[in-house]
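Take a look at the letters that make up each chain.
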Amino acid sequence: MNPFSSGTRLRDMIKAIRACKTAAEERAVVRKECAAIRSSISENDQDYSHRNIAKLMFIHMLGYPTHFGQMECLKLIASAGFPEKRIGYLGLMLLLDERQEVLMLVTNSLKQDLGHTNQYIVGLALCALGNICSAEMARDLAPEVERLLLTRDPNIKKKAALCSIRIIRKVPDLAENFSSPATSLLKEKHHGVLIAGVQLCTDLCKVSEDASNHLRKNCTEGLVRILKDICNSPYAPEYDIAGITDPFLHIRVLRLLRMLGHGDADTSEYINDILAQVASKTESNKNAGNAILYECVETIMGIEATSGLRVLAINILGRFLSNRDNNIRYVALNMLMKAISVDSQAVQRHRTTILECVKDSDASIRKRALELVFLLVNDTNAKPLTKELIDYLEVSDQDFKGDLTSKICSIIEKFSQEKKWYIDQMVKVLSLAGNYVKDNVWHALIVAISNAPDLQGYSVRSLYKAFQLSSEQVSLVQVTIWCIGEYGEMLVNNVGVLQVEEPMTVTESDAVDVLESCLTHHSTDITTQSMCLIALLKLSSRFPPSSGRVKEIITTHIGSVVLELQQRAIEFNSIIQRHQNIKSSLVERMPVLDESTFISKRAGSSQANISTEKSNQQLPSGASLKLSNGVAKPAASPLVDLLDLSLDDTPVPTSTSNDFLHDLLDVGLTNSSSSASGTDILMDLLSIGTPVQSNTTPENGSSIKGFNDILPIAKPNTATVQVVDLLDGLASNGSHPGAQSPVHPSITAYQSSTLKITFSFTKQPDKPQVTQIHATFMNLSSEAYTDFIFQAAVPKFIQLHLDPANSNHLPASGNGRITQTFTITNTQHGQKPLAMRIRIAYKVSNQERLEQGQINNFPPGL
């Protein structure tokens, strides 16, 4: 016989395919066999059609196309014999799916076979319908399936119930038709019919609320009786698994009870007893028993159970945590995370076991347990839990340190009730895992230290001790450098020693040694080195005997190949050598950093990562802005939008810089055009010199910005690096040497019943577009003003730079003045006049006041 003729048996074709040594040979055999099958189909050979479909099914399982045999399946289904129908239905389920249009042609054959007298043919039709039923077929054949649910044959009932599940999933509107037949199935004694009926009821509850109410009224009692029978039944080998009677039916009944009891107090009360019986009688030393217990716990948590029953369920999960099987422990942790919102007190009793899971060798269990511990923390247990986690942090795996450190820092920040505890714990974390701490975490620590004047000496001493033991932790090193730069004299002079501290002696040389070691260490990054240089500059003022040594250290970096370090070293060396008279004011201690402002900015930064729209929201009207007097915030656009200063619909570009100096000191530069993009911040603050242009790119030296960076210096042009003393030409009285006398009359810019503002103007002949304005503020009321802040906004064609005011306190009744200077550059000088909107915020008897107005009466020619 030709091995590729239509009469070839299936086994011969399989043998020929398996004998192939290459994929090409296999494709050749399949191609020849498919050609023979096509020839047989075209010749309408009925003798071997069932054999051809069997071959096509095997070829289909190998991944080859077999669509040409679909119509042959329909012919076999329409034949009268059972063998042909069996192959036809099997081919239909394998070669077709519900998306095939040809499937509509089989609906009539299915309807006839569902009413056939032969139960096996009826079973074939039900199996096919349950596998490939589409929505149209479900609507057409649902009455036939509903009728079959009421037959006496248990096999037909079981298959009809499974087919009904497919129908109601495809057409949920038909659920009402199956509610009553499904209820009757729960009274069947046949195991297959019963378990199929329970599954049908479960799906009915998912798709229809009406069906759920019907089953709740008519099935709850029967389901409870089924569970009691299973729990109290003797050994039944037919459905026994590892000594547990019928666990599959057990679990399906529990799942259905959970859906019936959810949100219904009466039903929940009725099933409480049987759930307690299942939870207490089921053995937990077998996997099948654990599966039943887990489903029972999930049911208890999903219904309106009593508190005692919930405690029992959570205790079962606690036993699961002691199991050797990692899968059981993992699902227990998952379930406890859901249970903590229901009964957190009961979960707290297993805190010790959960903490042990954090130390598990399995990474999945460690992470899940850590998330659960984080949910367990509250004000009463924060300290002991934090101690446990920090102790484990020391010995934890490197892969796990990042997640563990993040959670510990979150717990410390969220639940710290006293600054000393917060500082102590953060120092421990920085010492153990400083390389895994995110920047915003140690930034927050610095803000906290600056707001705790009584603990600043203690903090710098604690950091100094920690540095001696853990100098490889980058975050610890950076915080230590910042604190030594700010509070170095407290470290040396033992200022603010607490009773719990051990006495220690640190000399000025020791403090400088720390900075020098950080500066010269092989693994120190540019950011840390830059912070070291600034801290050294500060110590040169606070430790005069060590000024020479500091100068030597800074001088060694004048020739650094890193542009940032070279520039800082040159400029700082110039300050030390030639400007002793102003050095102390340049490097004075940073002002207290406002915690609320920092927290709001940090939260705003997080929101910006989630949604860029939220980051561009406008400030609310009348909001109190805690700014250094006269200094604009980096985000200029929201202020302009708030004051409605835009002269057209074009938004003012905003600064995207995340300079920590700006964030902490509220120092912001308006977003200038390219002609002022490199403005030297130091010169801006001192109102001296000509702006230095910068073409620096991130590749040839990005600006290093840090908490300790109170003197961020503009970058030089990399094309021509020229050493220039930035402070040359500074007059002894601090005024600008090139300033001219006013050439325009003074104006009263703004006046109300409580405040008067006067502007006088100064221009340089060689720069007609630049105007320096001297603002004078006078209090007309009988009460003094505190926290006085002046803000101004201008159209986009004008560039504005505000210098700090001479004071933020304005005496009452005109007995004193506040003066402030700012510079404006009109890029369209001679074409458009100046326009400005102002806003003044101040406090009267600790109550915030806000005034604002628009200035349009500038003299011509500005």
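Within every chain, residues take consecutive numbers counted from 1 along the sequence as written. Since the coordinates come from a predicted model, pLDDT governs what is reported: local features require at least 70, and pairs of side-chain atoms require 80 or more to be given and counted, while whole-chain, interface and lining totals use all residues. To get the side-chain values, take all heavy atoms of the structure and skip hydrogens and water.

*Asks:* Sorry if this is basic, but what is going on with the environment of Thr527 here?
*Replies:* Helix numbering and strand numbering both begin at the N terminus, where a helix is a DSSP run of H or I of at least 4 residues and a strand a DSSP run of E of at least 2. Mapped onto the elements, Thr527 comes out in helix α28 (residues 526-542). Residues Thr527 and Glu564, spaced 37 residues apart in sequence, show a C-alpha to C-alpha distance of 9.4 Å.

*Asks:* Would you explain the side chain of Ser208 in this entry?
*Replies:* Take Ser208: it is sitting in the loop between α11 (191-207) and α12 (209-232). Per-residue accessibility, obtained with a 1.4 Å probe over protein chains only, is compared with the maximum for each type, and a residue is labelled buried under 20%, exposed over 50%, and partly exposed between these values. On the basis of relative accessible area, Ser208 is assigned to the buried category, the value being 12%. Here a polar contact is recorded for every N or O atom pair within 3.5 Å, except that within protein the pair must consist of a potential hydrogen donor and a potential acceptor, and residues adjacent in sequence are included only if both atoms are side-chain atoms. Within polar-contact distance, the side chain of Ser208 engages the backbone nitrogen of Ala211 at 3.2 Å.

*Asks:* What should I look at first to understand unusual backbone geometry in this one?
*Replies:* The bulk of non-glycine residues show a negative phi, and the bulk of peptide bonds are trans. For Asp787, which is not a glycine, the phi torsion comes out positive at approximately 50 degrees. Inspection of the secondary structure puts Asp787 in strand β6 (residues 786-793). Despite not being glycine, Ser813 shows a phi value in the positive range, around 55 degrees. Judged by relative accessible area, Ser813 falls into the partly exposed class, the value being 47%.

*Asks:* Can you help me understand the confidence of the model for the protein in this one?
*Replies:* Any residue range with low pLDDT should be treated as having predicted coordinates unsuitable for detailed reading. The quantity known as pLDDT measures the predictor's confidence residue by residue, on a range of 0 to 100. When pLDDT is averaged along the protein, the result is 81, and 83% of the positions lie at 70 or above. Counted against residues more than four places away or in other chains, residues 1-5, with its pLDDT under 50, gives 12 contacts. A low-confidence stretch, residues 610-724 (pLDDT under 50), is modelled with 218 contacts involving residues beyond four sequence positions or located in other chains. Any two residues whose heavy atoms approach within 4.5 Å are treated as being in contact.

*Asks:* Which parts of the structure should I look at to understand a negative patch on the surface?
*Replies:* Taken together, the side chains of Asp173, Glu176, Glu209 and Asp210 make up a negatively charged region of the molecular surface. Mapped onto the elements of the fold, Glu209 is located in helix α12. You can call Glu209 exposed: its relative accessible area is 55%. Any residue with relative accessible area above 30% and no salt bridge may belong to a patch, with like charges joined within 9 Å and the nonpolar Val, Leu, Ile, Met, Phe, Trp and Tyr side chains within 5 Å. Surface exposure here means Shrake-Rupley accessible area, sampled with a 1.4 Å probe, where a residue is shielded only by the protein chains that are shown. The term salt bridge refers to a pairing of a side-chain nitrogen on Lys or Arg with a carboxyl oxygen on Asp or Glu at a separation within 4 Å. By the counting scheme adopted, Arg and Lys are positive, Glu and Asp are negative, and His together with the chain ends is not counted. Lys charges are placed at NZ, Arg charges at CZ, Asp charges at CG and Glu charges at CD.

*Asks:* Can you walk me through the pattern of salt bridges in this structure?
*Replies:* Where charged atoms of side chains with opposite charge meet at close range, the side chains can pair. Applying the stated rule across the entire model yields 23 salt bridges. Across the pair Lys85 and Asp113 runs a salt bridge, and its minimum N-O distance is 3.0 Å. Of the two residues, Lys85 is situated in helix α5 (residues 82-95) and Asp113 in helix α6 (residues 107-114); the sequence distance between them amounts to 28 residues. Looking at Lys85, the relative accessible area reads 5%, which means it is buried. For Asp113, a relative accessible area of 3% translates into the label buried. Across the salt bridge formed by Lys387 and Asp391, the nearest N and O atoms sit 3.2 Å from each other.

*Asks:* Even after reading the chapter, I still don't get the packing of aromatic side chains, so can you show me in this structure?
*Replies:* Describing an aromatic ring pair means giving the distance of the ring centres and the angle of the ring planes. Aromatic contacts are taken between Phe, Tyr and Trp rings whose centres are within 6.5 Å, Trp giving its six-membered ring; a plane angle under 30 degrees counts as stacked, one over 60 as edge-to-face, and the others as tilted. Scanning all chains against the criterion turns up 11 aromatic pairs. Their ring planes at 75 degrees and their centres at 5.5 Å tell us that Phe759 and Phe822 sit as a pair that is edge-to-face. Placement of Phe759 in strand β4 (residues 755-764) and of Phe822 in strand β8 (residues 817-826) is noted, with a sequence separation of 63 residues between them. An identical accessibility class is assigned to Phe759 and Phe822; each is buried. Arranged with centres 4.1 Å apart and planes meeting at 15 degrees, the rings of Tyr785 and Tyr842 form a pair that is stacked. Remark: Tyr842 occurs in strand β9 (residues 836-844) and Tyr785 occurs in the loop between β5 (767-779) and β6; sequence separation between them is 57 residues. Exposure remark for Tyr842: the relative accessible area of 4% places this residue in the buried category. Three or more aromatic residues joined by ring pairs make a cluster, and in this case those are Phe759, Phe761, Phe777, Tyr785, Phe788, Phe790, Phe822, Tyr842 and Phe858. The ring centre of Phe68 lies 4.2 Å from the NZ or CZ of Arg38, which sits over that ring. Over a ring means this: the NZ of a Lys or the CZ of an Arg is within 6 Å of the ring centre and within 35 degrees of the ring normal. One cation-aromatic arrangement involves Lys407 over Phe374; the distance from NZ or CZ to the ring centre is 4.6 Å.

*Asks:* Any chance you could explain the sheet that holds β6 here in plain terms?
*Replies:* Within a beta sheet, neighbouring strands are joined by backbone hydrogen bonds and run either parallel or antiparallel to one another. One bridge is not enough; two strands pair if DSSP finds at least two bridges between them. Strands sit in the order β6-β9-β10 across an open sheet of three strands; the sheet is antiparallel. Bordering the open sheet on either side are β6 and β10 (847-855), each of which pairs with just one other strand. Looking at each pair of strands side by side, their axes are set apart by 15 degrees on average, direction ignored. The sheet contact formed by β9 and β10 spans nine bridges and is antiparallel. Bridge pairing links Val844 to Gln847 in β10. Only the contacting stretch of a helix is used when fitting its axis, a line to C-alpha atoms as for every element, and angles between N-to-C directions run 0 to 180 degrees.

*Asks:* Explain the packing of helix α29 (residues 547-555) against helix α30 (residues 563-578) here, please?
*Replies:* Each pair of packed helices can be summarised by the angle the axes make with each other and by the distance between the axes. Look at α29 against α30: their axes get within 9 Å of each other, and the N-to-C directions meet at 155 degrees. Relative to α30, the element α29 is oriented roughly antiparallel. Regarding α29 and α30, the two cross each other, and that crossing is left-handed. Touching Ser547, Val550, Lys551, Ile554 and Thr555 of α29 are Ala569, Phe572, Asn573, Ile576 and Gln577, all from α30. For the contact of α29 with α30, the class distribution of residues is five nonpolar, four polar and one charged. When describing relative orientation, an angle under 35 degrees is termed roughly parallel and one over 145 degrees roughly antiparallel, while 65 to 115 degrees is termed roughly perpendicular and anything else oblique. Here a crossing is taken to be left-handed if its near helix is turned anticlockwise relative to the far helix by less than a right angle, and right-handed if that turn runs clockwise. Basically, the charged four are Asp, Glu, Lys and Arg, the nonpolar ten are Ala, Val, Leu, Ile, Met, Phe, Trp, Tyr, Cys and Pro, and anything else, Gly included, counts as polar.

*Asks:* Even after reading the chapter, I still don't get the pairing of β4, so can you show me in this structure?
*Replies:* The two faces of a sheet get side chains in turn, since along a regular strand they alternate between them. With seven of 10 residues buried, β4 lies mostly within the body of the structure. With five bridges connecting them, strand β3 (residues 744-751) and β4 associate as antiparallel partners. Bridging from a neighbouring strand, Tyr750 pairs with Ile757 of β4. Between β4 and β5, which follow one another and run antiparallel, lie two residues.

*Asks:* How should the sheet that holds β4 be read in this particular structure?
*Replies:* Spatially, five strands are ordered β3-β4-β5-β8-β7 in an open sheet, and the strand pairing comes out antiparallel. Of all the strands in the sheet, just β3 and β7 (798-802) have a single pairing partner and so form its edges. Strand-to-strand twist in this sheet, taken as the mean axis angle between neighbours without regard to direction, amounts to 25 degrees. Where β7 meets β8, five bridges bridge the pair, whose relative direction is antiparallel. Within β8, the residue paired with Gln799 across the bridge is Thr825.

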